[in-house]
Structure formats: C-alpha cells, structure tokens
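# Tertiary structure, described
Here is what each chain is made of, one letter per residue.
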Amino acid sequence: MEHAPFFERDIRVPQDLETFDQLGDFEVKIKKQGLIYPYIYGSHPFDFIGWDGYHFPWAFSIHDFMPITGKLHQPPPVHQTFETDTFVLCSFCPRLYDYHPKAVPAPYNHSNVDSDEVLYYVDGDFMSRKSVERGQITLHPGGIPHGPHPGTVEKVLDKLKPRNWRS
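Note that the coordinates shown come from a computational prediction; the quantities given were computed from them, not determined experimentally. (Residues numbered from 1 in each chain as written. Predicted model: local features only at pLDDT ≥ 70, side-chain atom pairs only at ≥ 80, totals over all residues. Heavy atoms only, no water.)

To continue, consider the overall build of the chain. Secondary structure summary: the chain contains one helix and eight strands in total. Listed N to C, the secondary structure of the chain is β-β-β-β-β-β-β-β-α in terms of helices and strands. Classification of the 167 residues of the chain by burial places 26% in the buried group. The contacts of the chain with a sequence gap of at least 6 include a subset with a gap of at least 24, amounting to 54%. Only carbon and sulfur atoms are counted for the fraction: they give 55% of the accessible area of the chain, which is about 12,700 Å². (Helix = DSSP H or I, 4+ residues; strand = E, 2+ residues; numbered from the N terminus. Buried < 20%, exposed > 50% of the residue type's maximum accessible area, 1.4 Å probe, protein only. Contact = heavy atoms within 4.5 Å. Areas by Shrake-Rupley, 256 points an atom, 1.4 Å probe, with all protein chains shown as cover.)

Before going further, it helps to examine the packing of aromatic side chains. Following the criterion strictly, the structure yields one aromatic pair and no others. Residues Phe-60 and Phe-82 carry aromatic rings whose centres are separated by 6.4 Å and whose planes lie at 90° to one another, so their mutual orientation is edge-to-face. Residue Phe-60 is located in strand β4 (residues 59-60), and its partner Phe-82 is located in strand β5 (residues 80-83); the two are separated by 22 residues in the primary sequence. Phe-60 gets classed as buried once you look at its relative accessible area, which sits at 16%. (Phe/Tyr/Trp six-rings, centres within 6.5 Å; stacked < 30°, edge-to-face > 60°.)

Before going further, it helps to examine the side chain of Asp-10. Mapped onto the elements, Asp-10 comes out in the segment before β1 (11-12). Not counting the four nearest positions on each side in its chain, Asp-10 is found in contact with Ala-59, Phe-60 and Asp-64.

Turning our eyes to something else, we now look at unusual backbone geometry. A negative phi angle is the norm for most residues apart from glycine, just as the trans form is the norm for most peptide bonds. The phi torsion at Gln-33 lies on the positive side, around 50°, for a residue other than glycine. Position of Gln-33 among the secondary structure elements: in the loop between β2 (23-32) and β3 (35-43).

Time to look at the sheet that holds strand β8 (residues 137-140). By definition, the strands of a sheet pair up through backbone hydrogen bonds, in either a parallel or an antiparallel sense. Spatial strand order, β5-β6-β7-β8: four strands in an open sheet with mixed pairing. One side of each edge strand has no neighbouring strand; the edge strands of this open sheet are β5 and β8. Adjacent strand axes in the sheet meet at a mean angle of 25° when their direction is disregarded. For strand β6 (residues 87-90) and strand β7 (residues 116-120), the ladder comprises three bridges, and the chain directions are parallel. Bridged to Phe-87 within β7 is Asp-116. (Pairing = 2+ DSSP bridges. Axes fitted to C-alpha atoms, helices over the stretch in contact; angles between N-to-C directions.)

Attention now moves to the pairing of β6. Here β6 shows a buried face lined by Val-88 and Cys-90 and an unburied face lined by Phe-87 and Leu-89. Of the pairings in the sheet, the one linking β5 to β6 comprises three bridges and is antiparallel in character. Bridged to Gln-80 within β6 is Cys-90. Once β5 ends, the chain turns through three residues before running back antiparallel as β6.

The buried count for β2 comes to one of ten residues, which makes it a mostly uncovered element. Relative to β3, β2 runs antiparallel, the two being bridged by eight bridges. In the sheet register, Ile-30 faces β3, and the bridge partner there is Tyr-37. Linkage of β2 to β3, two consecutive antiparallel strands, is achieved through a turn of two residues, within which Gln-33 is found at a positive phi near 50°.

Structural data, given as structure tokens:
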C-alpha cells in the first residue's frame, strides 16, 4: 500500500545463490513448545537444485525500509515488515521519533491480540528495554501485555524535563 514503509519494487529475487547439493546425514534441530526435535535429512537443507515451484525465494534489503515517524509514539504496526498467520516481524530502524515537545519517546504498554511480536536488535540503544544488546531477539506472545521495562520511562522523562517539560 502507498503508506507502507517499503514498496514492492524494493523486493527482488536473490542473485548468485550458492547451492549445496551434498548428500549425507544433515541434522536440523527444530524447537516446538519448549522441546527440541532432531530431524535428519538425506541432503543438505539448502539444496534448491530440485526446485519444484513451492519455494519462492526473494530478497529485501533493510536499507530500503523507510521508517514511518510521528510527533507522538507510533504503534508497532507502522514498523511491520513481514506478517504470517501467527506472528509479525517489525523493523525498528533509525528514525526521528516522538518529536512533539511533550512526547514521551518510549513505547506504551500494549498487546497484540492476534499475533506474536518478534524483535531482532541489530544495533543501537532501544530506549524502553533493559539488557537488550546487538544481535538479540525478543518475543512478545500474542495477547500478553508488554511495554517499557520498569524505570525506563522515568529515565526518559528525567532527561526531557529541563528542556521539554512545561507545567
């Protein structure tokens, strides 16, 4: 859609894919409901030589993602990059955010009624979460309220008081 943070023309087919056509025993571990299940495949799981039309490879560069901004904090769906029947993937890219003089630059408590929220932290300092570092992933299961960690909103407000807070 026109208001999406990226366009269909930004999606392309991948180039120069490396094919692994090795035979042998290849173990793939799958985690489901807290248990790990080992699956053994007779060929490398990245073998696409026998493509039968059911895999649709494509590539999207996060550098083509255009964050949506607003004077007040934007809800997670404006950062949504991908969606399945069971979860959404949001891309919280560097952007100008919450620039109203009285804005609180931190997300508010919310819950996603019909999907899980998965966040992958590539870089930067996520203002509302403690102990989240580069390369980590957080999962917020559907229906469970979540938001800023205790003390993070107060920390942001303390930084804003001298220049932005008017009584």
